[in-house]
Amino acid sequence: MSIRLLFVEDDKAQLSLFEDAIKEWNEAHPEVSFELMVATTYEEGLAQLSRLRLDAALLDLRLKGGEDKLAGSRLADLCVLQYGIPAAIISGHPADFDRKAEGHEMLAVFDKGDADAYDKAIKWFADLSPMIEVLDGTRRNIQARGASVFYGRVWPRWNSYEALAGIGAKQLVGIVSRQYASHIADILGIDSEDSVKWHPFENYIQPALQEIRPHTGDVFRFEDGLWIVLTPQCDMATQKTDPILLAYCDTEALLEDWKQHAASLKPASSKSKRDGAEKYFRKLVNQFEPAQHFLPPLEDGKPLVVQFKKLRTIPLADLQKSLAKRIASVASPFLSNLTQRFGSYVSRIGQPNIDISHFS
């Protein structure tokens, strides 16, 4: 693959050194090569980021332009936090880097004083190539789906958008953005011949999507195990319901059978074993047990069995204080299944027993 790399540096000698390093790398590693884009000031770098489809950026810390002498630091933050691409700082004074996203794996710092600094930086970007390739493909896929959303759904209703009373451009951007995002998600999730089937990994959001308060489907780790929130989100947001209802997540109930059948799915297993394993997992996915709800492994390879028969309540204020104990949220495409099944379980009426001897 070819990585489109932005290099922002105002020293011509340093630029020449880096171009030579890139050329040597490309000749030695054709499987992961670099296409170099160059800017010499903060403003030029910002323009390149907004105009081009870039995969990564290497930035000098002390750039011309910008609001301060450490403009490269501001540019690095924008790369990661706004454009979503990995960025690295290279400087003779690396300790001066004001790292807002400190500890983030998409940011790195290299010392110009090291003789092999550029080689190290190139190697760091190359090691990220699998992620960069997937991110690039994801952006292209979203762009293509977004085009179909625009001409198929947004454009035919554009007069309706424009006619929204009292809506300014900023609010309209928010409305259309939500339409784009929700429709694209719907399209990508629809089962079809050419769609990619859902992976168990997609059942969860980590870290949790709602940062400031609990949400339906949030999984908390307390001293006695994992518990999942069942109370409707609207009631928590408006604080109309207190306390909050949670169900116990059993991580041991299926573990032994799970390991055995997971091993039987491997290609080396016999057809009968694979067929048996597929039947087992299909049964779980189809939620065969009314009093339970199956969720794929969240951690340690242990599947979760939500036990509707084992419930507890926690005051909303206490749960709010426990957000640090929240380890994940059930993703929205899977959340309705959890809540509907719980509603179905608690609303089962049953029927009086009939003495079957009378049927004779």
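Coordinates for the structure precede this section.
Calculation criteria
- Residues numbered from 1 in each chain as written.
- Predicted model: local features only at pLDDT ≥ 70, side-chain atom pairs only at ≥ 80, totals over all residues.
- Heavy atoms only, no water.
- Helix = DSSP H or I, 4+ residues; strand = E, 2+ residues; numbered from the N terminus.
- Rg over C-alpha atoms; globule rule 2.2 N^0.38 Å.
- Buried < 20%, exposed > 50% of the residue type's maximum accessible area, 1.4 Å probe, protein only.
- Contact = heavy atoms within 4.5 Å.
- Pairing = 2+ DSSP bridges.
- Polar contact = N/O pair within 3.5 Å; in protein donor to acceptor, adjacent residues only side chain to side chain.
- Patch = residues over 30% accessible without salt bridge, like charges linked within 9 Å, V, L, I, M, F, W, Y side chains within 5 Å.
- Areas by Shrake-Rupley, 256 points an atom, 1.4 Å probe, with all protein chains shown as cover.
- Salt bridge = Lys/Arg side-chain N within 4 Å of Asp/Glu carboxyl O.
- Lys, Arg positive; Asp, Glu negative; His and termini not counted.
- Charge placed at Lys NZ, Arg CZ, Asp CG, Glu CD.
- Phe/Tyr/Trp six-rings, centres within 6.5 Å; stacked < 30°, edge-to-face > 60°.
- Lys NZ or Arg CZ within 6 Å of the ring centre and 35° of its normal.
- Axes fitted to C-alpha atoms, helices over the stretch in contact; angles between N-to-C directions.
- Parallel < 35°, antiparallel > 145°, perpendicular 65-115°, else oblique.
- Left-handed = near helix turned anticlockwise from the far one by under 90°.
- Nonpolar A, V, L, I, M, F, W, Y, C, P; charged D, E, K, R; others polar.
- Expected span 1.5 Å × (residues − 1).
- Arc of directions from axis to C-beta.

**Q** I keep staring at the overall build of the chain and nothing clicks. Help me out?
**A** The helix and strand tally for the chain stands at twelve helices and twelve strands. The C-alpha radius of gyration of the chain comes to 27 Å, more than 25% above the 21 Å expected for a compact globule of 360 residues. Each principal axis of the C-alpha distribution contributes one length, and for the chain these read about 100 × 65 × 45 Å. A total of 360 residues make up the chain; the buried ones form 39% of that total. The contacts of the chain with a sequence gap of at least 6 include a subset with a gap of at least 24, amounting to 63%.

**Q** I would appreciate a short explanation of the sheet that holds strand β6 (residues 204-205) in the present structure.
**A** Two orientations exist for strands paired in a sheet by backbone hydrogen bonds: parallel and antiparallel. If you walk across this open sheet you meet the seven strands as β6-β12-β7-β8-β9-β11-β10, and the pairing is antiparallel. Only two strands of the sheet have a single neighbouring strand rather than two, namely β6 and β10 (292-299). Sheet topology places strand β7 (residues 218-222) next to strand β8 (residues 225-229); four bridges connect them, and they run antiparallel. Following the sheet pairing, Val-219 is matched in β8 by Ile-228.

**Q** Which parts of the structure should I look at to understand the environment of Glu-44?
**A** One can find Glu-44 in helix α2 (residues 42-51). Polar side-chain contacts of Glu-44 include one of 2.9 Å to the backbone nitrogen of Thr-40.

**Q** What am I meant to see in a negative patch on the surface here?
**A** Where like charges cluster on the molecular surface, the negative patch consists of Glu-19, Asp-20, Glu-24, Glu-27 and Asp-119. The element that contributes the greatest number of residues to the negative patch is helix α1 (residues 12-28), accounting for four residues. By secondary structure assignment, the location of Glu-19 is in helix α1.

**Q** Can you walk me through the packing of aromatic side chains in this structure?
**A** The tally for this structure, following the rule as stated, stands at 15 aromatic pairs. Between Trp-227 and Tyr-248, the aromatic rings sit 5.3 Å apart at their centres with planes inclined by 65°, giving edge-to-face as the arrangement. With Trp-227 in strand β8 and Tyr-248 in strand β9 (residues 244-250), this residue pair connects regions lying 21 residues apart in the sequence. Grouping residues by exposure puts Trp-227 and Tyr-248 together as buried. What links up through ring pairs into an aromatic cluster is the set Trp-258, Tyr-280, Phe-281 and Phe-294. Above the ring of Phe-288, the side-chain terminus of Lys-283 is found at 4.6 Å from the ring centroid. The lysine or arginine in question, Lys-310, covers the ring of Tyr-248, its NZ or CZ lying 4.0 Å from the ring centre.

**Q** So what exactly am I meant to see when it comes to the packing of helix α5 (residues 129-154) against helix α7 (residues 169-189) here?
**A** Relative placement of two packed helices is described by the angle separating their axes and the distance separating the axes. Relative to each other, α5 and α7 sit at 110°, their axes nearing to 9 Å. Here α5 is positioned roughly perpendicular relative to α7, judged by the angle of their axes. Crossing angle aside, the handedness with which α5 passes α7 is right-handed. Across the interface between the two elements, Asn-141, Ile-142, Arg-145, Gly-146, Ser-148, Val-149, Phe-150, Arg-153 and Val-154 of α5 pack against Val-176, Tyr-180, His-183, Ile-184, Ile-187 and Leu-188 of α7. Looking at the contact of α5 with α7, its residues break down into nine nonpolar, four polar and two charged.

**Q** Would you mind showing me how to read the side chain of Ser-33 here?
**A** Mapped onto the fold, Ser-33 is located in strand β2 (residues 33-39). With sequence-adjacent residues up to four places away left out, Ser-33 is seen in contact with Met-1, Ser-2, Ile-3 and Asn-26.

**Q** Mind showing me how you'd approach the pattern of salt bridges here?
**A** Note that side chains of opposite charge can pair when their charged atoms are close. A full pass over the atoms with the stated rule returns 14 salt bridges. Two residues, Arg-4 and Asp-55, come together in a salt bridge whose shortest N-O distance is 3.1 Å. Placement of the pair is Arg-4 in strand β1 (residues 2-8) and Asp-55 in the loop between α2 and β3 (56-60), with a sequence separation of 51 residues. In this structure, a network of salt bridges that share partners links the residues Arg-4, Asp-55, Asp-136 and Arg-140.

**Q** Please explain the sheet that holds strand β5 (residues 107-111) as it appears in this structure.
**A** Judged by pairing direction, the sheet is parallel, and its five strands sit side by side in the order β2-β1-β3-β4-β5 without closing on themselves. Every other strand in the sheet has two partners, leaving β2 and β5 as the edge strands with one partner each. Neighbouring strand axes in the sheet, compared pairwise and without regard to direction, differ in orientation by 20° on average. Judged from the four bridges that link them, β3 and strand β4 (residues 87-91) form a sheet pairing that is parallel. When the sheet's bridge partners are listed, Ala-57 is paired in β4 with Ala-87.

**Q** I tried to follow α1 on my own but got confused; where do I start?
**A** Each α-helix winds once per 3.6 residues, and so residues spaced three or four apart point in a common direction. With 17 residues, α1 should reach 24 Å at 1.5 Å per residue; the first-to-last C-alpha distance of 25 Å fits that figure. Among all positions in α1, only Gln-14, Leu-15, Phe-18, Ala-21, Ile-22 and Trp-25 are buried. Within α1, the buried residues cover an arc of 125° as seen down the axis, which keeps them to one side. Those residues of α1 that are exposed and aimed more than 90 degrees away from the buried face are Lys-12, Lys-23, Glu-24 and Glu-27. Close packing links the buried residues of α1 with β1, β2, β3 and α4 (117-127). Backbone nitrogen of Ala-13 and a side-chain oxygen of the N-cap are separated by 2.8 Å at the start of α1; the cap is Asp-11.

**Q** Hey, could you run me through the side chain of Thr-41 in this one?
**A** Secondary-structure assignment places Thr-41 in the loop between β2 and α2. Of note is the side chain of Thr-41, whose polar atom sits 3.1 Å from the backbone nitrogen of Glu-44. Contacts of Thr-41, omitting those with residues within four sequence positions, involve Val-8 and Lys-64.

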